[in-house]
Amino acid sequence: MFDLLTEKFSSVVEKLKRAKKLDEKTVDEALKDIRRALLEADVNVEVVQQFILDIKQKLVGQEVIKGLNAGETVIKLIYDELLNILGEAEPLTKAEKPPTIIMLVGLQGTGKTTTAGKLANYLKSKGFTVGVASTDVRRPAAAKQLCTLAQTIDVPCFVDENEKDALKLTEKVINQAKNAGLSYLILDTAGRLHIDEELMDELVKIKEKVHPHEILYVADSMQGQEAIETAKEYHDRVGLTGVILTKVDGDAKGGIALSVRKVLGVPIKFVGVGEKISDFEPFYPDRLAQRILGLGDIQSLIEKMEAAIDEDKAKKMAERVMNAEFTLEDLKEQLQMIKNLGPLENVLKMIPGIGSKIKDLKVDEKQFVKIEAIINSMTPEEREKPHIINGSRKKRIARGSGTTIMDVNKLLKQHKEMKKMMKKMKKSGKMKLPFNMPNLPF
Amino acid sequence: MFKSVVDRLKKGLNKTKKQLSESLSVLNFARSIDESLFEEVEFALLKADVGVEATEEIIDFLKKESKKRKIKDGEQLKQLLKEKLVEILSCCRGQLNLIGEKPDVILFLGINGSGKTTTVGKLAALLKREGKSVVLAAADTFRAAAIEQLEVWADRVGARIVKHQAGADPAAVVYDAVNSAKARGDDIVLVDTAGRLHTKEHLMKELQKIKKTIQKFSPNQPCETLLVLDGTIGQNSIKQAEVFKQATDVTGIVITKLDGTAKGGVLIPICQKLKIPIKFIGVGEDIEDLQPFDPENFVEALLG
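This brings us to the overall build of chain B. Tallying secondary structure elements over chain B gives 12 helices and 8 strands in all. In chain B, which comprises 304 residues, the share counted as buried stands at 56%. A separation threshold of at least 6 residues defines the contact pool for chain B, and within that pool the share at least 24 residues apart is 76%. Accessible area for chain B stands at about 13200 Å²; split by element, carbon and sulfur atoms hold 52% of it.

Given below as C-alpha cells:
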C-alpha cells in the first residue's frame, strides 16, 4: 500500500541531500511535498495539518545528525514521528474464561465477513479452537457466506437463517457457541452506517448482550476523508478495542491507519493482504513506518518465505547449490517455491531499494509456466544431465511443452549460467537468495 | 432515559455545528476576500475527498477569477465555487443508455465491496417498474454466497436469474444468460461480476473475456459497462476508474453509499480527468435510493 507515500518521501530525501542545515525554508519546501503525499494517501486533513506542524517544529533548526546527511536526518525524524503515531503493536486480549469473544463491526462492504473467516483461520493456525457466528439478519445470504468460509477452513459456524431478529439471533448463536468448548468465538455483525441511529442502537444492544472481549472495527484501507468520522462514531457508541485494515493488497495508500491512531488512539491489530483466506497478518507499526519511508519490509518478506518454503527441501536445495549440483529438476522446484510466495511484484516490493523503483515493473509469471512446461517435457535423465540434450531431443521437448527450440535453448543457457555462478558463490562462500539469480527471464 | 435524550440532542447539534463549519459557512459572513478564506475553501474541498490536485486547481481558478470579477465577499466567492464545480461535473451528466435490442446487456464491475450486487438489484427493480423484463446473470462465481445474494434480489424484484455453481466460469454464465434472454425475448440482462481489485491483472483479463462473450450475440453490446464506485473511498477511486476504463472501456459510473457522511468529492477529479458519464448515485438502502446524477444537487450536497 503506502507505495505513493514511499515515492514522495524518497523525492524529499533527494531534494534535501545537498542542504547543509535544516533552516525554515528548506523544511517548508520538504514538508510541502510530504503534505501532498499524505493527503493523496487519504490521511485525514486535520491529522495531516497536525503532523506537519509537529514535525516542522522538530525539524527547523535541527542539527544534521552526525553521520547522516540532511535528507537522511529528515527521514529519521519523520520515521520517529510516524512510529510515535502508529504506536505499539498489540496482541489480542484473551479472556480468563474461554471463549474469548471477538466482535467485528463496521460499514457495509469493508470486508467483515471475509475478515471473520481470515481471523478464524489465523487463530486456528496458531493452534486454538475457533468458531464463527453471524448476527447479520439484513444482507441477503450473509450467513451463508460466513458458513461457506468456515467450511473451507473446517471451523464450526453458528447461524440461524430463520431468525430475523438480530438480538434474538445473537442470543441463540452465543448460547450454542458457548457450549462448544472454543477458545475463540468470532462474531460477525451486519454492516451499518454510523449515522443509522436504529442500527447503531441495535449494535449497542448486541454488545450488551454478548460482552465481547474485543470489538474490532473493520476498515477498508481505501476509505477517504470521512473514514475517521465514521470510526469515531463507532468508537463513541460501542468502544472499539482495535482495528483491522482490509484490502491492503491493492494500491490503496491506507492513510486511515495514521488517522485512526492519531485521533482515536485505538491500535491497529491486523491487516488483510489478499483474496485468499490465509492472506492475513498481524499489524506491525515499525514495518509500516519503514515501508512508508521506503526502507523496505524485509521482516515481512522473511516471514513470508519461511511460511511458503518447505524447510527440508530448502536445506537440500542449499546443499545441492553449494556443491554446484544444481540440476534442472532443482530449478523447477525452486520456481515452485518462489511461486508459493505469491505474486512476484508483491515480493519484490518488500525488498529495500527495489520498492520505489518497481512501480511499473510487471513480472511476467507466464514465463514460469513456460519454464516448468519445458522441464516437465524432459526425461529424468535429461533433467539430471542437461548436456545430453541434443538437437532431436530439443525438438521433442519443444513439441511436448508447446514451446519453440529457441525457448528450450534459452532455458538451457540460463541454467548453465546459474550453475556457473553457483560455482563462483561456492568459492566465495556466500549463499544468496534466489532473487539474485542471473538472467531469469523477468 | 432523560439523560440519553439530552445526550443525543447534544450530539445532533454538534454534528450540525461541525457540518456548518465544514460547509464553508464562514464564507457567508466574510466581508472581504483574503488568504485565510481561500485556505478555508481548500480545507473544505480536501475534506470532501476532492483530492489535492483538483483542489489546488480549483483554488488557483478562484483566486484568479475572483480578482477578475472583482468579487468582494464570501457569498459571491461561494457562488463562484459552485459554478465552477457544476461546470466540471456537467460534462459527466449521464443517462442510462439503452438501445432496445432484445436483450440489451448491462455489465457491472468494481472492486470488492463497492456495492455491485446491491446496485444490480436496485436497477433491476427500477427497470421492472418501467415494464421491462429483466434477467440477472450471476457471474460472481467467486465470492462465497454471492449467487445466493443475487437470488434474493431476483425474488424480491421478480426477475429471472441465470446461475451456475460457485466457482464456475463467469463467461459461461453470461453466455447462458444472454442466450436464454435472446430466446425468450427478454429486454435487459444485468450482469453481476465478482469484485476485483484493479491491480489484479488476470481478473481484469477475465472481464475482457466476459465482454467478448457478450459481443458474440451483438456487436452493440454491452450497451453499458458500469463501474460501481464506493462513495466512502477516497483518492484510490481515481486509480480504479483509470484502470477499469483502460481494461474494459467503462461507459458510466455508479457511485454508491452516499447516504452516510461521505460526500463523494472524488467524482470531481474523476470527471475532470476521465470524462466518464455518471449515471446513478446510491443514497440509501431502499430500492428507490438509486437516483439519477444531477450536478447541481450534487454540488449543493457537497458544499452543504
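There's more to say after this.
Core analysis: the largest hydrophobic core is formed by 67 residues, its most contacted members being F51 and Y217 of chain A. With near-sequence residues (within four places) excluded, F51 of chain A lies in contact with I34, L38, I78, E81, L82 and I85 of chain A.

Residue and element names in this part refer to chain B. Scanning the entire structure with this criterion turns up 38 salt bridges over all chains. Of the charged contacts in the structure, one is a salt bridge between K132 and E130, with a shortest N-O distance of 4.0 Å. Assessed through its relative accessible area of 27%, K132 is described here as partly exposed. On the basis of relative accessibility, which here comes to 53%, the residue E130 falls in the exposed class. K257 is the partner of D230 in a salt bridge, and the nearest nitrogen-oxygen pair spans 3.0 Å. Of this pair, D230 sits in strand β5 (residues 224-230) while K257 sits in the loop between β6 (252-256) and α11 (267-274), placing them 27 residues apart in sequence. Judged by relative accessible area, D230 falls into the buried class, the value being 4%. With relative accessibility at 16%, the residue K257 sits in the buried group.

Another aspect to go through is unusual backbone geometry. Across the junction of P98 of chain A and P99 of chain A, the peptide omega takes the value 0°, indicating a cis bond. Within the fold, P99 of chain A resides in the loop between α4 (70-86) and β1 (100-105). Residues K102 of chain B and P103 of chain B are joined by a peptide bond in cis, for which omega reads 5°. Position of P103 of chain B relative to the elements: it lies in the loop between α5 (74-90) and β1 (104-109). If you check the backbone angles, K70 of chain B has positive phi at about 55° while not being a glycine. With respect to the helices, strands and loops of the structure, K70 of chain B is situated in the loop between α4 (52-68) and α5. With relative accessibility at 61%, the residue K70 of chain B sits in the exposed group. Positive phi, close to 60°, is recorded for K257 of chain B, a residue that is not glycine.

So, on to the packing of helix α2 (residues 24-40) of chain A against α4 of chain B. The geometry of α2 of chain A relative to α4 of chain B is characterised by a closest axis approach of 9 Å and an angle of 120° between their N-to-C directions. Contacts from R36, L39 and E40 of chain A of α2 of chain A reach α4 of chain B at V52, E53 and E56 of chain B.

All names here are of chain A. Overall, the predicted model of chain A reaches an average pLDDT of 81, with 78% of residues at or above 70. The low-confidence segment residues 352-359 (pLDDT under 50) makes 11 contacts with residues lying over four places distant or belonging to another chain. Predicted confidence for residues 429-442 stays below pLDDT 50, and this span has 27 contacts to residues more than four positions away or in other chains.

Before going further, it helps to examine the state of the cysteines. Overall, the coordinates contain 2 disulfides over all chains when judged by the stated rule. In this model, C147 of chain A is linked to C157 of chain A through a disulfide, with the two sulfur atoms separated by 2.2 Å. Here the S-S torsion is close to -75°, and the disulfide linking C147 of chain A with C157 of chain A is therefore left-handed. Here the residue C147 of chain A occupies a position in helix α6 (residues 142-153), and C157 of chain A occupies one in strand β3 (residues 157-158), the gap between them amounting to 10 residues. The disulfide partner of C92 of chain B is C271 of chain B, and the gap between their sulfur atoms is 2.1 Å. Pair noted here: C92 of chain B is in the loop between α5 and β1 and C271 of chain B is in helix α11, with a separation of 179 residues, a long-range link. For C271 of chain B, a relative accessible area of 1% puts it in the buried group.

Residue and element names in this part refer to chain A. Together, K413, K416, K420 and K424 make up a positively charged patch on the protein surface. Mapping K416 onto the fold places it in helix α19 (residues 405-428). In this structure K416 comes out as exposed when scored by relative accessible area, which is 60%.

On to the packing of aromatic side chains. Summed over the entire model, instances satisfying the criterion amount to 7 aromatic pairs over all chains. Ring centres of Y175 of chain B and F217 of chain B lie 5.1 Å apart, and the angle between their planes is 50°; on these two criteria the pair is classed as tilted. Placement of the pair is Y175 of chain B in helix α8 (residues 170-184) and F217 of chain B in the loop between α9 (201-215) and β5, with a sequence separation of 42 residues. Judged by its relative accessible area of 35%, Y175 of chain B falls in the partly exposed class. An aromatic cluster of at least three residues, connected via ring pairs, comprises Y122, F270 and F280 of chain A. Cation over ring: K63 of chain B sits above F38 of chain B, and NZ or CZ is 5.7 Å from the ring centre. In this structure, R156 of chain B is placed above the aromatic ring of W153 of chain B, and the distance from its NZ or CZ to the ring centre is 4.6 Å.

Parameters at a glance
Residues numbered from 1 in each chain as written. Chains lettered and ligands numbered in written order. Predicted model: local features only at pLDDT ≥ 70, side-chain atom pairs only at ≥ 80, totals over all residues. Heavy atoms only, no water. Helix = DSSP H or I, 4+ residues; strand = E, 2+ residues; numbered from the N terminus. Buried < 20%, exposed > 50% of the residue type's maximum accessible area, 1.4 Å probe, protein only. Contact = heavy atoms within 4.5 Å. Areas by Shrake-Rupley, 256 points an atom, 1.4 Å probe, with all protein chains shown as cover. Core = buried A, V, L, I, M, F, W, Y, C linked by side-chain atoms within 4.5 Å. Salt bridge = Lys/Arg side-chain N within 4 Å of Asp/Glu carboxyl O. Axes fitted to C-alpha atoms, helices over the stretch in contact; angles between N-to-C directions. pLDDT = per-residue confidence, 0-100. Disulfide = S-S within 2.5 Å. Patch = residues over 30% accessible without salt bridge, like charges linked within 9 Å, V, L, I, M, F, W, Y side chains within 5 Å. Lys, Arg positive; Asp, Glu negative; His and termini not counted. Charge placed at Lys NZ, Arg CZ, Asp CG, Glu CD. Phe/Tyr/Trp six-rings, centres within 6.5 Å; stacked < 30°, edge-to-face > 60°. Lys NZ or Arg CZ within 6 Å of the ring centre and 35° of its normal.

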